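Structure at a glance
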Amino acid sequence: MSNAQIIKSFLIYIFILFFAYTGFYKVLNLDAFKFNIARTAVFPEYFINIIPYAVILLEFIVIFFLIFRKKTGVILFAISMLVFSIYIMLLYQFGRYEVCGCGGVLNGLEFKYHMLINIIFLLLALSVIYFNHIIKKNHGL
């Protein structure tokens, strides 16, 4: 196994753990997660009961793909992190970002730290995509 393959596998496990951690936290604290979404006042009231489930479902779908279809999973993870980063940047720009409501140790993060974590995870996902390209190139696939 090459260094690129080892790093790729390690990072995929980190992504799985990250989404599993935040996803299960949201499930276990669903009312708090709904409250955080409602508090932004961005979504119409009838979406407030749908969005939390959609976000949780998305996180677990991405985990499924990270486990069984790694390449697709990493792309979905990167897209999720990008979309979520744009969402919190917009919240911040319009004065609606208070603190992170992702769950667990992330709860309560200020904007700059939340963005830093998101950017790091996005860059890591892009590096996995790059490592995948290197691995294929070296193996002639």
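Just above, that's the structure.
Parameters and conventions
- Residues numbered from 1 in each chain as written.
- Predicted model: local features only at pLDDT ≥ 70, side-chain atom pairs only at ≥ 80, totals over all residues.
- Heavy atoms only, no water.
- Core = buried A, V, L, I, M, F, W, Y, C linked by side-chain atoms within 4.5 Å.
- Buried < 20%, exposed > 50% of the residue type's maximum accessible area, 1.4 Å probe, protein only.
- Helix = DSSP H or I, 4+ residues; strand = E, 2+ residues; numbered from the N terminus.
- Contact = heavy atoms within 4.5 Å.
- Arc of directions from axis to C-beta.
- Phe/Tyr/Trp six-rings, centres within 6.5 Å; stacked < 30°, edge-to-face > 60°.
- Lys NZ or Arg CZ within 6 Å of the ring centre and 35° of its normal.

**Some points on the nonpolar core**
Counting residues in each nonpolar core, the largest one holds 27 residues, and the members touching the most others are F15, F18, F19, L66, F77 and M81. With seven residues, helix α1 (residues 3–28) is the single largest residue contributor to this core. Sequence-distant contacts of F18, defined by excluding residues within four places in its chain, comprise F77, M81, L106 and F121. In this structure, L30, F33, I37 and I51 belong to the second largest nonpolar core, which totals six residues.

**Concerning helix α2 (residues 30–39)**
All of the buried residues in α2 are L30, F33, K34, N36 and I37. The buried residues of α2 occupy an angular sector of 160° when projected down its axis, which confines them to one face. Residues of α2 that are exposed and point more than 90 degrees away from the buried face comprise D31 and F35. The inward-facing, buried residues of α2 contact α1 and α3 (51–68). Positive phi shows up at A41, right after α2, with a value of about 55°.

**Some details on the packing of aromatic side chains**
Summed over all chains, the structure comprises 15 aromatic pairs. A ring pair is formed by Y97 and F111, whose centres lie 5.6 Å apart and whose planes are at 80°; its orientation type is edge-to-face. Residue Y97 is located in the loop between α4 (70–93) and α5 (111–138), and its partner F111 is located in helix α5; the two are separated by 14 residues in the primary sequence. Taken as a pair, Y97 and F111 share a single burial class, namely buried. Pairwise contacts between aromatic rings join F15, F18, F19, F77 and F121 into one cluster. Seen from the ring of F33, K26 lies directly overhead, with NZ or CZ sitting 5.4 Å from the centre.

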